[in-house]
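Architecture at a glance
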Amino acid sequence: MQKEIYLAGGCFWGTEKYLENIKGIIETEVGHTNGNTQNPTYEEVCYKNTGHAETVKVIYDDNQISLPFILELYYDVINPVSINKQGGDTGSQYRTGIYYTDSHDESLIGDSIAKLQKKYREKIAIEVMPLLNYYRAEEYHQKYLDKNPNGYCHIGRDKFEKATKAIDTSKKYAKKSKDIFENSLTKIQYDVTQNNATEPPFQNEYFDLFKEGIYVDVTTGEPLFVSSDKFESGCGWPSFSKPIDEKLITEITDKSYGMMRTEVRSKNGDIHLGHVFEDGPNKTGGLRYCINSASLKFIPKEVMEEEGYGDYLTLLGRG
């Protein structure tokens with residue numbers, strides 16, 4: 001479903017170019033929002049105190065990208081505690097703001113801002129309110145940096161590169177219905193992933209596999225671990241020093257069987273993976289992610305590209 005959100009982040013030339021690079025964003029346009037006059041010109045907004053904010057209108061596909069994910073990327077190119085100033089631009093028209101047209105988005109934005117606030121001592125200065133008005137800017141402002149590749153931009157090139165690679169994994173690797181797994185998973189895969197069972201040690205598919213490649217969630221296909229972080233622990237299950245990214249997993253206190261352990265689950269797929277222990281090699285951080293083979297699918301290096309995991313090839317061999 002197509003949705004829209006309006007984001008003010010300083011000079012709209014750079015903000016528009018940055019946002020249009022993100023997968024799932026269908027269309028961008030620049031304009032002026034929530035001011036006191038109708039159909040203002042750029043010069044009026046700059047010099048006649050109209051109260052408008054330079055804003056990017058964002059149309060996105062909610063099936064590919066979520067609003068919280070868009071906001072996380074938006075925060076990455078603004079100073080969220082700066083008032084009426086972004087980069088070298090100063091004035092109320094350069095304030096930061098999130099303006100919504102769907103009332104259901106208000107709580108999502110509020111939760112996102114609350115999460116952002118935890119990273120700062122200063123109060124977040126991003127204006128959050130319904131869209132009151134929006135006026136499309138003059139044509140020469142639209143896709144300005146496409147027309148003027150060397151034009152002014154307050155956003156660094158590295159951010160643009162990051163935007164092109166950004167993928168909302170919560171959409172791409174979304175949790176599937178448990179009913180589907182009764183036919184798509186083997187009995188041991190189902191018992192482990194859905195019922196928190198543990199497969200037998202030394203009698204599972206990957207405990208002694210050390211080929212190059214990545215290990216993905218067996219239910220969603222989301223990459224979780226890489227072969228260069230796998231080591232022989234002698235426990236009889238695949239052992240890793242760390243996940244590809246800590247954000248990919250959830251850790252939960254497990255008091256089952258009279259023990260105190262830390263369960264590891266995939267965050268998006270929400271399946272049981274195994275447990276993490278503090279008896280791993282010191283040189284790699286001291287952790288041992290003890291993972292059930294039944295929760296994983298191994299993708300060998302030689303087929304990663306054709307299987308859609310080419311972007312992860314650079315992780316192989318990392319220290």
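Residues numbered from 1 in each chain as written. Predicted model: local features only at pLDDT ≥ 70, side-chain atom pairs only at ≥ 80, totals over all residues. Heavy atoms only, no water.

**Describing the overall build of the protein chain**
Where we set the bar: A helix here means a DSSP run of H or I that spans at least four residues, while a strand means a run of E at least two residues long, and both kinds are numbered starting from the N terminus. Exposure classes here rest on a 1.4 Å probe applied to the protein chains alone. A residue is buried below 20% of its type maximum, exposed above 50%, and partly exposed in between. The contact definition used throughout considers only heavy atoms, calling two residues in contact when any of these lie within 4.5 Å. Where accessible areas are quoted, they stem from the Shrake-Rupley method and a 1.4 Å probe; at the residue level, only the protein chains shown are allowed to cover. Positive residues here are Lys and Arg, negative ones are Asp and Glu, while His and the chain termini are left out of the count. One atom stands in for each charge, and that atom is NZ of Lys, CZ of Arg, CG of Asp or CD of Glu.
Looking only at helices and strands, one finds ten helices and 17 strands in the protein chain. The principal-axis extent of the C-alpha atoms belonging to the protein chain is close to 75 × 40 × 40 Å. For the protein chain, the proportion of its 319 residues judged to be buried stands at 50%. In the protein chain, 68% of the contacts between residues at least 6 apart in sequence involve partners at least 24 apart. Accessible surface, the protein chain: about 16300 Å² in total, of which carbon and sulfur atoms supply 49%. Across the protein chain, the mean location of the 38 positive side-chain charges is 3 Å away from that of the 49 negative side-chain charges.

**Let's talk about the packing of helix α3 (residues 67-75) against helix α4 (residues 105-117)**
Put simply, the rule reads: An axis is simply a line fitted to the C-alpha atoms; with a helix, the fit covers only the stretch in contact. Between two such axes, the angle follows the N-to-C directions and lies from 0 to 180 degrees. Put simply, angles under 35 degrees are roughly parallel, angles over 145 are roughly antiparallel, angles from 65 to 115 are roughly perpendicular, and the rest are oblique. When the near helix sits turned anticlockwise from the far one by under a right angle, the crossing is termed left-handed; a clockwise turn instead gives a right-handed crossing. Note that Gly is not counted as nonpolar here; it falls among the polar residues with everything else outside the nonpolar set of Ala, Val, Leu, Ile, Met, Phe, Trp, Tyr, Cys and Pro and the charged set of Asp, Glu, Lys and Arg.
Between α3 and α4, the shortest axis-to-axis distance is 10 Å and the interhelical angle comes to 40 degrees. The orientation of α3 relative to α4 falls into the category oblique. For the crossing formed where α3 meets α4, the hand is right-handed. Counting all contacts with α3, which are made through Leu67, Pro68, Leu71, Glu72 and Tyr75, the residues of α4 involved are Asp105, Leu108, Ile109, Ser112, Ile113, Lys115 and Leu116. Classifying every residue of the contact of α3 with α4 gives eight nonpolar, one polar and three charged.

**Considering helix α9 (residues 187-195)**
Along α9, the residues that are buried comprise Gln189, Tyr190, Asp191, Val192, Thr193 and Gln194. In this structure, the buried residues of α9 make contact with α8 (178-184), β14 (261-266) and β15 (272-277). Among the residues trailing α9, Asn196 stands out with phi positive, at a value near 60 degrees.

**Digging into unusual backbone geometry**
Its identity as a non-glycine residue notwithstanding, Asn34 has a phi of 50 degrees, on the positive side. By secondary structure assignment, the location of Asn34 is in the loop between β2 (25-33) and α2 (42-47). Positive phi is not limited to glycine here, since Tyr257 has a value of about 55 degrees. As for its placement among the helices and strands, Tyr257 is situated in the loop between β13 (249-254) and β14.

**Some words on the packing of aromatic side chains**
Put simply, the rule is: Only the six-membered ring of Trp is used, alongside the rings of Phe and Tyr, when aromatic pairs are assigned; centres must lie within 6.5 Å, and planes under 30 degrees apart are stacked while those over 60 apart are edge-to-face, with the rest tilted. A ring is considered to have a charge above it if a Lys NZ or an Arg CZ atom is located within 6 Å of its centre and within 35 degrees of its normal.
Inspection of every chain in the model, using the stated rule, returns 13 aromatic pairs. Measuring from ring centre to ring centre gives 5.8 Å for Tyr74 and Tyr75, while their planes differ by 50 degrees; the resulting arrangement is tilted. As far as burial versus exposure is concerned, Tyr74 and Tyr75 are alike and both buried. Between the aromatic rings of Phe225 and Phe240, the centroid separation amounts to 4.5 Å while the plane-to-plane angle is 20 degrees, which identifies the pairing as stacked. Pair noted here: Phe225 is in strand β10 (residues 223-226) and Phe240 is in strand β12 (residues 239-240), with a separation of 15 residues, a long-range link. Put simply, the rings of Tyr206, Tyr215, Phe225, Phe240, Tyr289 and Phe298 touch in pairs and so form one group of aromatic residues. The aromatic ring of Phe210 is capped on one face by Lys230, whose charged end is 4.1 Å from the ring centroid.

**Structural notes on the pattern of salt bridges**
Keep this limit in mind: We count a salt bridge whenever a side-chain nitrogen from Lys or Arg sits within 4 Å of a carboxyl oxygen from Asp or Glu.
In this structure the tally under the stated criterion is 22 salt bridges. Its salt-bridge partner being Arg136, residue Glu139 comes within 3.1 Å of it at the nearest N-O pair. Classification of Arg136 by relative accessible area gives partly exposed; the value is 43%. For Glu263, the salt bridge is made with Arg265, and the minimal N-O distance between the two is 2.8 Å. Take Glu263 and Arg265: they sit in the same class, and that class is buried. A single salt-bridge network, built from bridges that share partners, covers Glu16, Lys17, Glu20, Lys143 and Asp146.

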